[in-house]
Amino acid sequence: MKILTIVPAYNEAGSIEATITHIRAVDLDLEIVVIDDCSTDQTAALAYAAGVDVVRLPINLGIGGAVQTGFRFAVDNHFDIAVQVDGDGQHDPAFIPNLIAPILEDRADVVVGSRFIRREGFQSLFMRRLGIRLFQHLNRLLIRQKITDSTSGFRAYNAAALRVLQHNYPVDYPEPEALVLLKKRRFRLAEVPVLMRNRHAGESSISGWKSIYYMIKVTLSILIESVRLPDG
Amino acid sequence: MDNIQITLIASSALFLFFIFELTRKKRIRESYSLVWFLAGLVLLVFSVFRGLLDKLAALFGVVYAPALIIPVILLMGLLLGIHFSIVISKLTEDNKRLIQEVGLMKHRIRQLETENKPK
């Protein structure tokens, strides 16, 4: 069983080493690939120095394009499972075994780490939570399954899901939309509780006026994805 | 034929020539120049046959013929805008794939270089 951790990172020099150390501390045979999304700081150099695989994108693609590069890496190198762990330190790698358990037991194809099942740890900011609530209800309506944390990027995928996502993964703010996309292709989704930390360093990509654009854009994307034909 | 008509015909012809030159120098692809040639031809036809616009307006029940021009131009502009959105979206998607491929290939090259380093 080959398991890959995909670590998308954009200017995360302050936390990338710690993220890699924490992944290595997990009692599993995990390979690590850092997708450096054209960082302007030392992120790539630090990742190289840590001795992990590093894919450097020559032009900044944003989180969706970076993560998809990881999916392609996973498929090209015949991994059975891939776990996305953000490079900013919000995702605690200690939960990776819980995250992949439903896939190993063949109960799910895609597993989302949710901070809202047990309501512990960093619960995000008020506005962000409001948005997450909206997507929760929207998703429940469209895919008929309750996903409490649809914006969480802390996820595990099996090989079948990866094969689809390597060709078909949303761009700007991909997480909520990807769930609709996967569910429509009859992949089984599951959620497990995780703790999230506030980021070690760096800033959230979504703040201020951007959050309003984010909400409108994601809502539109989800609605359109839900009426799109699976082959489209 | 009065001055205004001569000016219009000359401008239309100049426009067509401009598009032709751009296409000839490969500044515009043939497939994209097609729509501009069409636009130039329409301009030319309407400047040569002055009565055409009035007849068309009468057909649509428009009393003041020049009023017909505005919605037609507006519609054309909109369609062109949408057409460019489609082209840009495709370019962006292609670009994304290329960037991903370049990143993955550079990683692979680095891997092969370290594997084959002379001892």
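Please read all numbers here as calculations on a predicted model, not as lab measurements.

1. Thoughts on the nonpolar core
Residues and elements named next belong to chain A. If you look at the biggest cluster of nonpolar residues, it comprises 37 residues, and the most contacted ones within it are Phe71, Tyr157 and Leu182. With near-sequence residues (within four places) excluded, phenylalanine 71 lies in contact with Ile6, Tyr157, Leu162, Leu165, Gln166 and Tyr169. Grouped together as the second largest cluster of nonpolar side chains are 29 residues, Val34, Ile81, Val85 and Phe154 included.

2. Remarks on the sheet that holds strand 3 (residues 53–56) of chain A
All names here are of chain A. Read from one edge to the other, the open sheet built from seven strands follows the order 3-2-1-4-6-5-7, with strand pairing classed as mixed. Of all the strands in the sheet, just strand 3 and strand 7 (189–193) have a single pairing partner and so form its edges. Taken over all neighbouring pairs, the strand axes of this sheet differ in orientation by 20° on average, direction set aside. As paired elements, strand 5 (residues 110–114) and strand 6 (residues 155–158) share three bridges and run antiparallel to each other.

3. Re the interface of chain B and chain A
Listed per partner, the contact involves eleven residues of chain B and 18 residues of chain A. In total, chain B and chain A occlude about 1,400 Å² of area from one another, counting both sides; carbon and sulfur atoms represent 57% of this. For the pair chain B and chain A, the number of links is one salt bridge. Across the pair glutamate 101 of chain B and arginine 72 of chain A runs a salt bridge whose closest N-O atoms are separated by 2.5 Å. Across the chain B-chain A interface, the total number found is six residue pairs in polar contact (both at pLDDT 80 or more). When grouped by side-chain class, the residues that make up the side of chain B that touches chain A number three nonpolar, four polar and four charged.

4. Points about helix 1 (residues 16–24) of chain A
Among the residues making up helix 1 of chain A, those that are buried are Ile16, Thr19, Ile20 and Ile23 of chain A. Seen from one end, helix 1 of chain A has its buried residues packed into an arc of 95°, which puts them on one side.

5. Side note on the pairing of strand 7 of chain A
Residues and elements named next belong to chain A. With four of its five residues buried, strand 7 lies for the most part within the structure. Looking at chain direction, strand 5 and strand 7 are connected through five bridges and run parallel. Each residue of the ladder has a partner; that of glycine 113, found in strand 7, is valine 192.

Cut-offs and rules
- Residues numbered from 1 in each chain as written.
- Chains lettered and ligands numbered in written order.
- Predicted model: local features only at pLDDT ≥ 70, side-chain atom pairs only at ≥ 80, totals over all residues.
- Heavy atoms only, no water.
- Core = buried A, V, L, I, M, F, W, Y, C linked by side-chain atoms within 4.5 Å.
- Buried < 20%, exposed > 50% of the residue type's maximum accessible area, 1.4 Å probe, protein only.
- Contact = heavy atoms within 4.5 Å.
- Pairing = 2+ DSSP bridges.
- Helix = DSSP H or I, 4+ residues; strand = E, 2+ residues; numbered from the N terminus.
- Axes fitted to C-alpha atoms, helices over the stretch in contact; angles between N-to-C directions.
- Buried area = accessible area lost by both parts, 1.4 Å probe.
- Salt bridge = Lys/Arg side-chain N within 4 Å of Asp/Glu carboxyl O.
- Polar contact = N/O pair within 3.5 Å; in protein donor to acceptor, adjacent residues only side chain to side chain.
- Nonpolar A, V, L, I, M, F, W, Y, C, P; charged D, E, K, R; others polar.
- Arc of directions from axis to C-beta.

So yeah, pure geometry; function would need other evidence.
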